[in-house]
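# Working through the structure, step by step
Each chain is listed here by its residues.
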Amino acid sequence: MLTWVPIGVTLGFAALVVLIMVTINRLIAPRRHSPVKGQAFECGNEPSGSAWSRFSVHFYLVAILFLVFDVEVILLIPWGVEIRRLGVFGLVEALIFIAVLSVGLIYAWRRGALDWD
């Protein structure tokens, strides 16, 4: 049970920080609707067209491929840190992992998933 105390303290501290920030926001935020909220923010262009426009499936495919290779990097970082301790077995395991992902990348490339037309 003693090992769960730091986790509980961390969760309690996070909840306290959230509570403090929400309270501060309620105290100092403007009460009325500001006309500035309706203006264009990021790009400076007025919004045009419907908000329900369709995106190409290709957009989602590229996003999923990005996530797959992002996870690959996340999984290879601990391997790189412990390469000396893992030895040849760890090297072979990492090469198999990279080979499987490379086959997936080649398949996606051949199918035209990375062609932006």
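Structure first, text after, so check above.
Residues numbered from 1 in each chain as written. Predicted model: local features only at pLDDT ≥ 70, side-chain atom pairs only at ≥ 80, totals over all residues. Heavy atoms only, no water.

## Things to note about the overall build of the protein chain
On a plain count of helices and strands, the protein chain comes out with three helices and zero strands. Counting from the amino terminus, helix and strand elements in the protein chain follow one another as α-α-α. Across the 117 residues that make up the protein chain, the buried fraction comes to 8%. Carbon and sulfur atoms make up 70% of the accessible area of the protein chain, which amounts to about 11100 Å² in all. (Helix = DSSP H or I, 4+ residues; strand = E, 2+ residues; numbered from the N terminus. Buried < 20%, exposed > 50% of the residue type's maximum accessible area, 1.4 Å probe, protein only. Areas by Shrake-Rupley, 256 points an atom, 1.4 Å probe, with all protein chains shown as cover.)

## Observations regarding the side chain of Glu72
As for its position among the elements, Glu72 is in helix H2 (residues 57-81). Buried charge Glu72 goes without a salt bridge, the closest partner of opposite sign being Arg110 at 18 Å. Those residues in contact with Glu72 that lie beyond four places of it in its chain are Phe97, Ile98 and Leu101. (Lys, Arg positive; Asp, Glu negative; His and termini not counted. Salt bridge = Lys/Arg side-chain N within 4 Å of Asp/Glu carboxyl O. Contact = heavy atoms within 4.5 Å.)

## Describing the pattern of salt bridges
Counted by the stated rule, this structure contains one salt bridge. Across the pair Glu82 and Arg85 runs a salt bridge whose closest N-O atoms are separated by 2.8 Å. We classify Glu82 as partly exposed; its relative accessible area is 30%. On the basis of relative accessible area, Arg85 is assigned to the exposed category, the value being 67%.

## A closer look at the packing of aromatic side chains
Overall, the coordinates contain one aromatic pair when judged by the stated rule. Plain terms: the ring middles of Phe59 and Tyr60 are 5.4 Å apart, the flat faces sit at 80° to each other, and that makes the pair edge-to-face. (Phe/Tyr/Trp six-rings, centres within 6.5 Å; stacked < 30°, edge-to-face > 60°.)

## Structural notes on helix H3 (residues 83-110)
Counting along an α-helix, one turn takes 3.6 residues, and residues three or four places apart therefore face a common direction. Its 28 residues give H3 an end-to-end C-alpha distance of only 33 Å, which falls more than 12% under 40 Å, the value for a rise of 1.5 Å per residue. The sharpest bend along H3 comes to roughly 75°, located at Phe89. Among all positions in H3, only Gly90, Ala94, Leu101 and Ala108 are buried. Where H3 is buried, its residues contact H2. Looking one or two places after H3, you find Gly112, whose phi comes out positive at around 90°. (Expected span 1.5 Å × (residues − 1). Bend = angle between axes of the 7 residues up to and from the residue.)

## Details of the packing of H2 against H3
In the contact formed by H2 and H3, the axes pass within 10 Å of each other and the chain directions differ by 170°. Classed by the angle they form, the pair H2 and H3 counts as roughly antiparallel. Between H2 and H3, the residues in contact are Leu65, Val68, Phe69, Glu72, Leu75, Leu76, Trp79, Gly80 and Val81 and Ile83, Leu86, Gly90, Leu91, Ala94, Phe97, Ile98, Leu101, Leu105 and Ala108, respectively. (Axes fitted to C-alpha atoms, helices over the stretch in contact; angles between N-to-C directions. Parallel < 35°, antiparallel > 145°, perpendicular 65-115°, else oblique.)

The values are spatial; any link to function lies outside them.
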